[in-house]
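# Remarks on the overall topology
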Amino acid sequence: MEVSYNLRYQKSNFSNKVILDKEGEIVIYGKGFRLKGKGGGDKGELINFSELKEFYSRDEKVIFITFNKEKYILSDCGNLFDQMLIDLYKARNEFLMDALFMKGGKLKAEFEGHFERFSKFNKLINKGHAKVRLFEKSLVIVPEIQDAFAVNFDFVTFYEFDELDYFLKVVTDDGNTLHISQLGNDYEFFQEKMDMSLGGMYEKIVNEGLKIAFQEFHAGVLLKIAYKMKNGKAASLKEIKKIDKDLATKVEEFIFDNSNLKELADSFMPKDDSYILFGITRDETVKGSFIRWVIFVMPEKNLVGFSILPRWVEGGKSAEGQGRPCEMFFYKIIMEQGIPSEKYEDKIRELNQSLLVLNFAKDPCYKDKRELKHSPYQYAIRKLPYLRILRKSFVGKIMANNAPDFQKQAEELFAKAKLQ
């Protein structure tokens, strides 16, 4: 895609002083655009979408602010303004879908309809006409002149089709609600594809994952656990025990198999089944292998910690972790006011969202943004709200292969997170 429009553009610095005011054009590319003045000698400025902190339109002007605090105003595009705005958002949204990891698996179908998104307090966030892209693990809403956003199926707690008013209602575990309507003749096809995607996801989790790890359990029991542990989402030992106590024992054995984390962290490993959570998912990169991770909740320490354990491989123990020290990452439950025992679920949600959406990459969960400057997570750490909050609450990590070192490092982190 490469289109251009004549316009005027103005550039201001961080103190709002105008440093450039030109008549020229905008040339829109796949990952950004170039602004240049009239005349063949003006090469202009190339601006990537990854540089934009804010981006919006008002009164037939496009306004954006970069992360370097430079402000631009695009205006005087005449009767082509609406089309320019559509083309800008079309390119920007393609960038956002990749940079913010919205696409879950393969694209299954695309529809056009109307969307309305509400907060957990039932306040309208935004609405409009959009393309609705259905992937294997997510639903992506791509409006014409608004930012694209995704609903990841791993965090859907409820969905239903209203057969009277012909719309889909989706509720996510953070309390937000999405309505999709005005699908016209595609309504039934959309419903069929949506049901197939969610049904297929659970079938894949059970048949290609949990059945390999827990062969002795009935598919019905595994389906219940699949709902709680969608694609590696961490669920508490208490929840798993409610489904099947024997399965809970096997899950715990599976998680800690070929790892000495349980012994190293014995002194602070939670005794309450609500405060220890396990996540298991098939590893797409190695056949017959699984990603295993654990969360420890310690309200009395104002901390939540997680560890991704060595990969488990079907038919034999993985040598991946042998000889390597165990590592565990810790985050404050609260950063200002509140009671940790009442707020820890928010931190668990942030961990689940960050690790599942970013395919269990640890670096973006704690590393300094300068270290991630050229990584694929550069934009995500700036724009994904749950990841930003998680990173802000990072206290430190333990890395040790013996209990005294592990405990010593833990005590140092406990002191850092202590409530004043």
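What counts, and where the lines are drawn
Residues numbered from 1 in each chain as written. Predicted model: local features only at pLDDT ≥ 70, side-chain atom pairs only at ≥ 80, totals over all residues. Heavy atoms only, no water. Helix = DSSP H or I, 4+ residues; strand = E, 2+ residues; numbered from the N terminus. Salt bridge = Lys/Arg side-chain N within 4 Å of Asp/Glu carboxyl O. Buried < 20%, exposed > 50% of the residue type's maximum accessible area, 1.4 Å probe, protein only. Core = buried A, V, L, I, M, F, W, Y, C linked by side-chain atoms within 4.5 Å. Expected span 1.5 Å × (residues − 1). Polar contact = N/O pair within 3.5 Å; in protein donor to acceptor, adjacent residues only side chain to side chain. Patch = residues over 30% accessible without salt bridge, like charges linked within 9 Å, V, L, I, M, F, W, Y side chains within 5 Å. Areas by Shrake-Rupley, 256 points an atom, 1.4 Å probe, with all protein chains shown as cover. Lys, Arg positive; Asp, Glu negative; His and termini not counted. Charge placed at Lys NZ, Arg CZ, Asp CG, Glu CD.

## Topic: unusual backbone geometry
Negative phi is the rule for most residues except glycine; trans is the rule for most peptide bonds. With phi around 55°, Phe101 is a residue other than glycine that occupies positive phi space. When you line up the elements, Phe101 lands in the loop between helix H1 (81-99) and strand E8 (107-118). The phi dihedral of Tyr166 falls on the positive side, at around 55°, and the residue is not glycine. By the element assignment, Tyr166 lies in the loop between strand E12 (156-162) and strand E13 (167-172).

## Structural notes on the pattern of salt bridges
Scanning the entire structure with this criterion turns up 28 salt bridges. Where Glu327 meets Lys397, a salt bridge forms, and the shortest distance between an N and an O atom there is 3.5 Å. Residue Glu327 is found in strand E19 (residues 326-332), and its partner Lys397 is found in strand E20 (residues 394-400); the two are separated by 70 residues along the sequence. Since its relative accessible area comes to 31%, Lys397 is described here as partly exposed. If you follow the salt bridges from partner to partner, you end up with Arg8, Asp21, Glu23, Lys38 and Asp76 in one network.

## Describing the nonpolar core
One recurring pattern in soluble globular proteins is that nonpolar side chains are buried together. Formed by 69 residues in total, the largest nonpolar core has its most connected members in Leu139, Phe214, Phe268, Phe278 and Phe406. Sorting elements by how many residues they give to this core places helix H2 (residues 187-213) first, with ten residues. By size, the runner-up hydrophobic cluster in this structure holds 64 residues, among which are Tyr9, Leu96, Tyr331 and Ile381.

## Let's talk about helix H5 (residues 245-256)
With twelve residues, H5 ought to run about 16 Å at 1.5 Å a step, and its terminal C-alpha atoms sit 17 Å apart, in line with that. Put simply, Asp244 is the residue that caps the front of H5, since its side-chain oxygen is 2.9 Å from the backbone nitrogen of Asp246.

## Thoughts on a positive patch on the surface
Residues Lys53, Lys69, Lys369, Arg388 and Lys392 make up a contiguous surface patch of positive charge. Structurally, Lys369 is set in the loop between helix H7 (340-357) and helix H8 (380-383).

So yeah, pure geometry; function would need other evidence.
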